[in-house]
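# A closer look at the structure
Listed below, chain by chain, are the residues.
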Amino acid sequence: MKKKKTKSSAAERKKEVLANLIDFGSTLYGQMEKGDFPWIKMPSRSIDNIFYSPEFRQYILGKKAVRRSARNIRHIRPFTQLVWTAYFAHELVRHRKTSTLRDVYYSAQAYDVPFKDQPESNSIITDLETVAKYSREDFHVFPEERSAVFGDLTIEYTVPGYEGKRYNLMSHPDGVMIGPALTSAELVKTTADKLIAIEKGGLFTRFIEEQVHKKFNSLLVLTAGQAPRATRHFIHRLNRELNLPVYIFTDGDPWGMHIAMVIISGSANAAHLRDLTTPDATWSGVWATDIVDYKLPSEALTDVDIKRLYELQKDPRYDGELWQREVKQFLKIRRKAEQEAFSRYGLSYIVDKYLPAKLEEAA
Amino acid sequence: MVTFEQISPADFFYRNRDIAGFTNPARAIFSSVRELVENSLDASDQSRVPSNIYVRLSHDGEESSEEAEVYRLRVEDNGSGIPARHIPSAFGQVLFGSKYKLKQARGTFGLGGTMAILYGQITTHKPVRIASSTGTSRIYRYKMIIDIQRNRPIILDRKIQVNKDRWRGTMVEFHLEGDFSRAMPKILEYLKQTAVVTPYANLTFVDPKGRLYKFNRSTSKMPRSPKETLPHPHGVDVETVRRLIQITKCRNMIDFMKTHFHRIGERISHKFLKFAKIDEKKNPRKLEPDEIVKLVRMMKKFDGFRAPDASCLSPLGDDLLKAGILKELMPEFIAVCQRKPSTYSGHPFVVETAIAYGGKVPKKDDIVLYRFANRIPLLYDEASDVSWRIVKSINWRKYKVKPDMPVAILVHLCSTKVPYKTVGKEFIADRPEVKNEVLNGVRQVARQLQRFLSKQEYREKERRRLATFSRYLPKIAKFSTELSGKEKEPDIRKLLWSVRKFEEEKNQKLSS
């Protein structure tokens, strides 16, 4: 049985986040006390400052920085919103309350620092992420949840009312939602030796029914399409803290391929954040070559699909041999297949034949 | 068999009442009010007494057709009054009048007032009543109808009253068929615009329902009266010259030119006759018809004449124009401009323009245009008018005017001969000289509005700027304090003050 590496990662991180926010407030306070207009400097998130780092195996921000000053009439409003958001995040974390992006948007109105619209509010939260270098989930701001996890993993809650309470993620056969309570929980122990991430809910349920977790000694994560950040961070933690290798199964098309890629190498939008990627994770299928090898029922690629493939071909994250090969193969066969396509060989074929083969291939 | 007959001028206008503005029952009632009010205004301009004009439309309950009803129209003024012997002809004979001279007046043909009465008579077959006094001890009262076929009045009754109070003025009352409910908006608009351009007049109107509308004067100053003038050589035709030759007492061409034309002296007279190759000593009475034609042609060609002066015109002037606009529109901003006198084809003219912003200026999706010619509001055919085209052609964004702003532009053209495009006197033709003056006049006031709007915009921006700082900076202080766990908020008064002070300096620089 695997025990987690660090002693209490969730509690540790919470302390860091709080300290970071307090530090931010103190800096501004000090500036004002000296008789200066408060100002901050943070990395620029403009396109020309986003680079792919082979070292980190993810997108990172370059050296370009922007200075925001309350002296500037165009800055002062977003500046105030940023300070308020920091204050609000601090309150959330301190009182162990969670919130959503929509919540933040409305809460601002109570403090008379209203946002024009949701995108403005979201962008200020991203500013705070950039300044504080933590993701919004660390500030207890969560998006709508839809992804889930299942398998023999014991966690220990830290949320109010459940502190110290342990829970095994095999307890509920639909899987457990990856929400604030789960992401803030400590990972206690697991018998699993790998993690399988699945794009679609149907297949996730099939895997549970077919006892994939037992047969393959695995945890199962449903990404439900593009994996939310909380889920990506959760996968990252399972990989780091419990040393679980990660295998990702998606539809066999450019979009499924990219779902896997974002779990592995992150997105440009999150270039200012760390700990969301799992660079050692493996995309196990459905590959373009699988469509051919397994003679899967397939559909023709659309123009949009093809355009996307050409984009991916040039994307630095797709530099690897496997990726280039599969992109080329897609372009060659001009077909795509869904994970469900395996059902043509019977419901359990994917688990009995395909999965073992792919896992072996990866190992 | 073809029969030939002669018709009288009254008969002609009876048959062609459309061209004088009596197209339909609504238009007829509007035109009647307008013609009589204008006569009254002209009459008080002559007597140099600020006008008091009383207009009443009453409904006698008689109905004649579905869309028209019979109304009694009464217009009363405190003008110069009409000498007793002229009263019957002035109101009972078409094309009889006092306005054929070369000076600015509202009416020109002596047609309008009589046309209204004529229209009343042919729709109701009722006589007109007139009372007038020139301020003597007597008031003359007439009751008469017009003999249309002979173009002369038939007096039904005539009374002479003792004028105890030395009343001076004229009262006209007659019946006519009309459609008041449809004419009402135009009549009220007409009165309002008349009030704008005649700020020294008291206008009172009582409508058929007994509702009272009052437009009070805001000044008793009146514009200087126009002087009668001689024709400018550029503006005459062969017939004018032929008539002059018949009446002249001059014995040679030098004197003839000097005596009968506008602003011609010895020197210019010599120069012109030399240019025209006409013998200076020639007796004008002996000019042959082809010589007259040649003379007129040469007059048009010769460019050494002096421009006509504007003493025959009576523009309102900046003060009165302002007074009129202020009183009726109460704008936040106003600019007026009187252009220097100019001429087209020998006719002198002066353009006055004004721009008004805010207050009671109607807020439409477009700029409101008020057009006046010789102090008459022009209400119809706006889109055909030269001013409208000019206003449309201007790029208003350049002047910081946005379409939803309440902006009114006023254009007043004074001339001995207003270049109307039609007999209806509703819109002004595109004469290049006139167009230029209107364009420059409108631009001139528009630039002043632009300055006002820029200043306003700047002030508004500053106000918002300071408000932004005072709104947000305290919040930054508050949240930073709470976030950092400090007890006392930092003192940001100095910061706020620094923004303010900086701006005040800039303001001072701007205003100096």
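Each value, and the rule that gives it
Residues numbered from 1 in each chain as written. Chains lettered and ligands numbered in written order. Predicted model: local features only at pLDDT ≥ 70, side-chain atom pairs only at ≥ 80, totals over all residues. Helix = DSSP H or I, 4+ residues; strand = E, 2+ residues; numbered from the N terminus. Buried ≥ 20, exposed ≤ 12 C-beta atoms within 10 Å, placed from the backbone. Contact = placed C-beta atoms within 7 Å. Pairing = 2+ DSSP bridges. Core = buried A, V, L, I, M, F, W, Y, C linked by C-beta atoms within 7 Å. Domains from an automatic or database assignment. Nonpolar A, V, L, I, M, F, W, Y, C, P; charged D, E, K, R; others polar. Axes fitted to C-alpha atoms, helices over the stretch in contact; angles between N-to-C directions. Parallel < 35°, antiparallel > 145°, perpendicular 65-115°, else oblique. Left-handed = near helix turned anticlockwise from the far one by under 90°. Expected span 1.5 Å × (residues − 1). Arc of directions from axis to C-beta. pLDDT = per-residue confidence, 0-100.

### Details of the overall build of chain A
Helix and strand counts for chain A stand at 13 helices and 18 strands. When each of the 363 residues of chain A is scored for burial, the buried share is 43%. In chain A, 73% of the contacts between residues at least 6 apart in sequence involve partners at least 24 apart.

### Concerning the overall build of chain B
Counting its regular elements, chain B contains 13 helices and 14 strands. Of the contacts formed within chain B by residues at least 6 apart in sequence, a portion of 74% connects residues at least 24 apart.

### What about the pairing of strand β6 (residues 168-178) of chain B?
Residues and elements named next belong to chain B. With 9 of 11 residues buried, β6 lies mostly within the body of the structure. In this sheet, β6 lies alongside strand β3 (residues 128-134) in antiparallel orientation, the contact comprising 6 bridges. Bridge pairing links Ser 133 to Gly 169 in β6.

### Looking at the nonpolar core
Within the largest apolar cluster, 104 residues are counted, with the highest numbers of intra-cluster contacts made by Ile 29, Leu 118, Ala 354, Ile 355, Ala 356, Ile 409 and Val 445 of chain B. Among the domains, domain 1 (9-215) and domain 3 (318-452) of chain B are the pair contributing at least three residues each to this core. Excluding residues that lie within four positions of it along the chain, Ala 356 of chain B makes contacts with Ile 325, Leu 329, Pro 331, Ile 334, Val 361 and Ala 408 of chain B. Residues Val 104, Ala 132, Ile 198 and Phe 216 of chain A belong to the second largest nonpolar core, which totals 101 residues.

### What to know about the environment of Pro 9 of chain B
Residue and element names in this part refer to chain B. The residue Pro 9 is located in helix α1 (residues 9-15) in this model. Of the residues examined, Pro 9 has 15 C-beta atoms within 10 Å and is grouped as partly exposed. Separated by 143 residues in sequence, Pro 9 and Arg 152 have C-alpha atoms that sit 10.0 Å apart.

### Some remarks on the interface of chain B and chain A
Listed as interface residues are 20 residues of chain B and, on the opposing side, 24 residues of chain A. Looking at the side of chain B that touches chain A residue by residue, the classes come out as 10 nonpolar, 5 polar and 5 charged.

### Details of the packing of helix α11 (residues 303-314) of chain A against helix α12 (residues 321-333) of chain A
Residues and elements named next belong to chain A. Across the interface, α11 lies against α12 with an axial gap of 10 Å and an inter-helix angle of 155°. Judged by the inter-axis angle, α11 sits roughly antiparallel to α12. Where α11 crosses over α12, the handedness of that crossing is left-handed. Where α11 approaches α12, its residues Leu 309, Leu 312 and Gln 313 are matched on the opposing element by Val 327, Phe 330 and Leu 331. The residue makeup of the contact of α11 with α12, split by class, is 5 nonpolar, 1 polar and no charged.

### Here we look at helix α4 (residues 112-124) of chain B
Residue and element names in this part refer to chain B. A rise of 1.5 Å per residue sets the reference length of α4, with its 13 residues, at 18 Å; its end C-alpha atoms lie 18 Å apart and thus fit the reference within 8%. Among the 13 residues that make up α4, 10 are buried, leaving the element largely enclosed by the rest of the structure. For α4, the set of buried residues is Gly 112, Gly 113, Thr 114, Met 115, Ala 116, Ile 117, Leu 118, Tyr 119, Gly 120 and Gln 121. Elements that come into contact with the buried residues of α4 comprise α1, α2 (25-47), α3 (87-92), β3, β4 (138-147) and β6. Downstream of α4 by a residue or two, His 125 has a phi angle that is positive, lying close to 55°.

### Topic: the environment of Asp 193 of chain A
Residue and element names in this part refer to chain A. Tracing the sequence through the fold places Asp 193 in the loop between β12 (186-190) and β13 (194-198). Since 14 C-beta atoms lie within 10 Å of it, Asp 193 is described here as partly exposed. Along the chain, Asp 193 and Leu 219 lie 26 residues apart, while their C-alpha atoms are 8.0 Å from each other. Not counting chain neighbours up to four residues away, the residues in contact with Asp 193 comprise Asn 217 and Leu 244.

### What about the packing of helix α5 (residues 180-197) of chain B against helix α10 (residues 318-329) of chain B?
Residue and element names in this part refer to chain B. Two elements in contact, α5 and α10, have axes separated by 6 Å at closest approach and are oriented at 140°. Comparing the axis directions of α5 and α10 gives the class oblique. The segment α5 lies against α10, with Lys 192, Ala 195, Val 196 and Val 197 engaging Gly 324, Ile 325 and Glu 328. For the contact of α5 with α10, a count of residues per class yields 4 nonpolar, 1 polar and 2 charged.

### Things to note about α12 of chain A
Residues and elements named next belong to chain A. The terminal C-alpha atoms of α12 lie 18 Å apart, and with 13 residues this matches the ideal 18 Å at 1.5 Å per residue to within 8%. Within the span of α12, buried status applies to Glu 326, Val 327 and Phe 330. End-on view of α12: buried residues confined to an arc of 100°, all on one side of the axis. Those residues of α12 that are exposed and angled more than 90 degrees off the buried face are Glu 321 and Lys 332.

### Some points on the confidence of the model for chain B
For chain B, the mean per-residue pLDDT works out to 88, and 93% of the residues sit at or above 70. Both confidence scores are given for the complex: pTM 0.65, ipTM 0.80.

### Observations regarding the environment of Asn 243 of chain A
By the element assignment, Asn 243 of chain A lies in the loop between α8 (229-242) and β15 (246-249). Residues Asn 243 of chain A and Asp 193 of chain A, spaced 50 residues apart in sequence, show a C-alpha to C-alpha distance of 8.1 Å.

### Some details on the sheet that holds β13 of chain A
Residues and elements named next belong to chain A. The strand order across the open sheet formed by 6 strands is β11-β8-β14-β13-β15-β16, and the pairing between neighbours is mixed. Sheet topology places β11 (176-177) and β16 (282-285) at the edges, where each strand pairs with a single neighbour. Relative to β15, β13 is paired through 4 bridges, and the arrangement is parallel. The partner of Ile 198 across the bridge, within β15, is Phe 249.

### Section: unusual backbone geometry
Residues and elements named next belong to chain A. A cis geometry characterises the amide bond from Gly 285 onward to Val 286, with omega recorded as 0°. Residues other than glycine seldom take positive phi values, yet Gln 211 does so here, at roughly 60°. Secondary-structure assignment places Gln 211 in the loop between α6 (201-209) and α7 (212-215). With a phi close to 50°, Asn 217 is a non-glycine residue in the positive phi region. Looking at where Asn 217 falls in the secondary structure, it is placed in the loop between α7 and β14 (218-222). Among the residues examined, Asn 217 registers 14 C-beta atoms within 10 Å and is labelled partly exposed.

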